[in-house]
Amino acid sequence: MNHLKSLSILAGCILFVGGVSAQSQKPLTINELISIALESSPQVLAARDQSRAVRGQLSTARAIPNPDFEVNTGQQKSVSGPLTTGNVSSWSVTQPLDMPYTRYPRVNAAEANVRAAEATRIAFEIEMISRVQQRFYELMRREAELKAAEEDSGLTKQIRDRMQIRYDVGETARFELIRAQTEFLNAQINTESSKLRVEQAKGQLRQVVGHNLPADFEVIAQPVKIESLPALPILLSELHAQSPELQRAKAEVEATESKLSFEQNSRLPKLSIKAQQYNDPNFTDRLYGLVVSIPIWDFKGGQIAEAEANASKAKNQLNAQSQSLEQQLETAYKLYQMTSYQVKVLDQEVVQLASSARRIAEVSYRYGERGMLEYLDAQRTFRVARNDLIKARFDLASVVTEIQRLRATPEWIAKIESGK
């Protein structure tokens, strides 16, 4: 009896935990998906670690050189003559001077590296936001197609059932019944295919967000909001002013130029201040001096040549990056114009005309003015136009997201910096 009671309690606990888990599995918004992705992406986390590491290098570059201390002790013995014997000692302090002509280029190069690391981090996070949005819109598109396919399946089933009744009473030919049955089967196949595409889209979204997202996650459907974009020249100016990829390339140019200046100035003499004292039983010597490191043998030829090549390489990479981003933005903007026009025509003309033609064909079929084939053709034309509109809308959303990534929308950067 006690054993049965324990099993009952255990089963109740399992059901309670399962119920709590099911209740806690709430649908996620796109902003929540982005937050999960930013906190779990290895690339984003590595970029953040790199940014912290470079900040440590900046602290190292700003540090003042440490002094060198030297202490010696021993004994003084007389080999011949009346010298006093006893303990002797000496100490010396050497403080290297951080000369301005090497300190400033070194610190400037470290600060430029920090800006480059921050720009790299922001670029990774913006890229992650864009990828999540792209996959989210893909999922929204597939769910819209599934909904439309289910509506088509229900409508073709009604047509098939109606044709079956008319065939049974001898009002129509078997050919029309076969055609209606074929349309219904095609609609069922399309529905099943749409379900599979929804599952594939969910899998791709989970792959982008990360495996911290449960496999059975659900999302809150969000209507596509297409904002109007400014003219291409304005977008190009924003690209040059805001793009983190260009900011990173510019910071790398500044860092390599400062490194070149540092290597060139390293050929100048290095100075250190030195103080020392020598103590023996008879007297004490105190000396103060200046230590000069003169580049007699090494004129930094190899280091300067390497720094010059790196500076030239960074400038060429900046030009190449700028040209590449401009071409990507121009291509995306042309696609945006074309897709916007396609959405406008499909929404305001094609779908409405196809819907009107379908209604007319349906009414004509009911009154016996047209046959079933014409009604099915009108229904198929409407489905094609509607699916084209669904695809065009989400293609437009995808293009706008790509343009926002390229121009580094200030709203995105503000959310990233605020941790939202």
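Quantities reported herein were computed from a predicted structural model and do not represent experimental measurements. (Residues numbered from 1 in each chain as written. Predicted model: local features only at pLDDT ≥ 70, side-chain atom pairs only at ≥ 80, totals over all residues. Heavy atoms only, no water.)

*Asks:* For this particular structure, what's the right way to read the pairing of strand β2 (residues 86–96)?
*Replies:* The pairing of strand β1 (residues 68–76) with β2 spans nine bridges and is classified as antiparallel. Opposite Asp68, over in β2, you have Thr94 as the bridge partner. Here β2 pairs with strand β3 (residues 270–279) via eight bridges, running antiparallel. In the strand pairing of β3, Ser89 is matched with Asn279. (Pairing = 2+ DSSP bridges. Helix = DSSP H or I, 4+ residues; strand = E, 2+ residues; numbered from the N terminus.)

*Asks:* Even after reading the chapter, I still don't get the pattern of salt bridges, so can you show me in this structure?
*Replies:* Two side chains bearing opposite charge may form a pair once their charged atoms approach each other closely. In the structure shown here, the tally under the stated rule is 33 salt bridges. Note that Glu183 is salt-bridged to Arg383, the shortest N-O span being 3.3 Å. Here Glu183, found in helix α5 (residues 174–209), pairs with Arg383, found in helix α9 (residues 372–407); they are 200 residues apart in sequence, far enough to count as distant. The closest approach of N and O atoms between Arg393 and Asp347, which form a salt bridge, is 3.4 Å. One end of the pair, Arg393, is in helix α9; the other, Asp347, is in helix α8 (residues 301–366), with 46 residues separating them in the sequence. Classification of Asp347 by relative accessible area gives partly exposed; the value is 32%. The structure contains a network of salt bridges with shared partners spanning Asp152, Arg179, Glu183, Asp377, Arg380, Arg383 and Arg386. (Salt bridge = Lys/Arg side-chain N within 4 Å of Asp/Glu carboxyl O. Buried < 20%, exposed > 50% of the residue type's maximum accessible area, 1.4 Å probe, protein only.)

*Asks:* What's the story with the environment of Leu146 in this structure? I'm lost.
*Replies:* Structurally, Leu146 can be placed in helix α4 (residues 100–168). With relative accessibility at 15%, the residue Leu146 sits in the buried group. Taking the C-alpha atoms as reference points, Leu146 and Arg197, separated by 51 residues in sequence, lie 8.6 Å from one another. The contacts of Leu146, once residues within four sequence positions are left out, are Thr191, Ser194, Lys195 and Val198. (Contact = heavy atoms within 4.5 Å.)

*Asks:* Is there a simple way to explain a nonpolar patch on the surface in this structure?
*Replies:* A grouping of Leu97, Ile273, Leu290, Val292, Ile294, Ile296 and Trp297 is seen on the molecular surface, where their side chains present a nonpolar patch of about 770 Å² in accessible area. Locating Trp297 in the fold gives a position in the loop between β4 (284–293) and α8. Judged by its relative accessible area of 81%, Trp297 falls in the exposed class. (Patch = residues over 30% accessible without salt bridge, like charges linked within 9 Å, V, L, I, M, F, W, Y side chains within 5 Å. Areas by Shrake-Rupley, 256 points an atom, 1.4 Å probe, with all protein chains shown as cover.)

*Asks:* Is there a simple way to explain the layout of surface pockets in this structure?
*Replies:* Remark: the empty space left among the atoms is shown by a probe the size of a water molecule rolled over them. Put simply, the largest pocket is a space of about 700 Å³. Considering the residues around the largest pocket, the lining is formed by 28 residues, among which Asn31, Ile34, Gln133, Trp412 and Lys415 are closest to the centre. Broken down by element, the lining of the largest pocket gets its largest block of residues, six residues, from helix α2 (residues 30–40). Grouping the constituent residues of the lining of the largest pocket by class yields eleven nonpolar, eight polar and nine charged. (1 Å grid on protein atoms, 1.4 Å probe; cavity = no way out; pocket = protein on both sides within 12 Å on 5 of 7 lines; lining within 4 Å. Points joined across faces, edges and corners; volume = space filled by probe spheres on them. Nonpolar A, V, L, I, M, F, W, Y, C, P; charged D, E, K, R; others polar.)

*Asks:* Please clarify how the confidence of the model for the protein should be interpreted in this entry.
*Replies:* The predicted model of the protein has a mean per-residue pLDDT of 86, with 92% of residues at 70 or higher. Within the protein, no element has a lower average pLDDT than helix α1 (residues 2–24), which sits at 45, and none a higher one than helix α7 (residues 244–265), at 94. Low pLDDT, under 50, characterises residues 1–5; the stretch is placed with zero contacts to residues that sit more than four places away or in other chains. Within the model, the stretch residues 9–24 combines pLDDT values under 50 with zero contacts to residues more than four positions away or in other chains. (pLDDT = per-residue confidence, 0-100.)

*Asks:* What am I meant to see in α2 here?
*Replies:* Residues of α2 that are buried: Ile30, Leu33, Ile34, Ala37, Leu38 and Ser40. Looking at the packing, one finds that the buried side of α2 touches α3 (42–62), α4 and α5.

*Asks:* What should I look at first to understand the environment of Leu239 in this one?
*Replies:* Counting through the fold element by element, Leu239 comes out in helix α6 (residues 232–242). A relative accessible area of 0% means that Leu239 is categorised as buried. Separated by 89 residues in the primary sequence, Leu239 and Glu150 place their C-alpha atoms 43 Å from one another. With residues up to four places along the chain from it excluded, the contact list for Leu239 reads Leu246, Leu325, Glu326, Leu329 and Leu406.

*Asks:* Is there a simple way to think about the nonpolar core in this case?
*Replies:* Grouped burial of nonpolar side chains is what soluble globular proteins tend to show. Ranked by size, the top nonpolar core spans 32 residues in total, and within it Leu33, Val132, Leu205 and Val219 carry the most contacts. Taken together, the elements giving at least two residues each to this core come down to α2, α4, α5, α9 and α10 (410–418). Sort the elements by how many residues they give to this core and α4 lands first, with eleven residues. Formed by 27 residues, the second largest nonpolar core is a distinct cluster that contains Leu236, Leu246, Tyr336 and Phe382. (Core = buried A, V, L, I, M, F, W, Y, C linked by side-chain atoms within 4.5 Å.)

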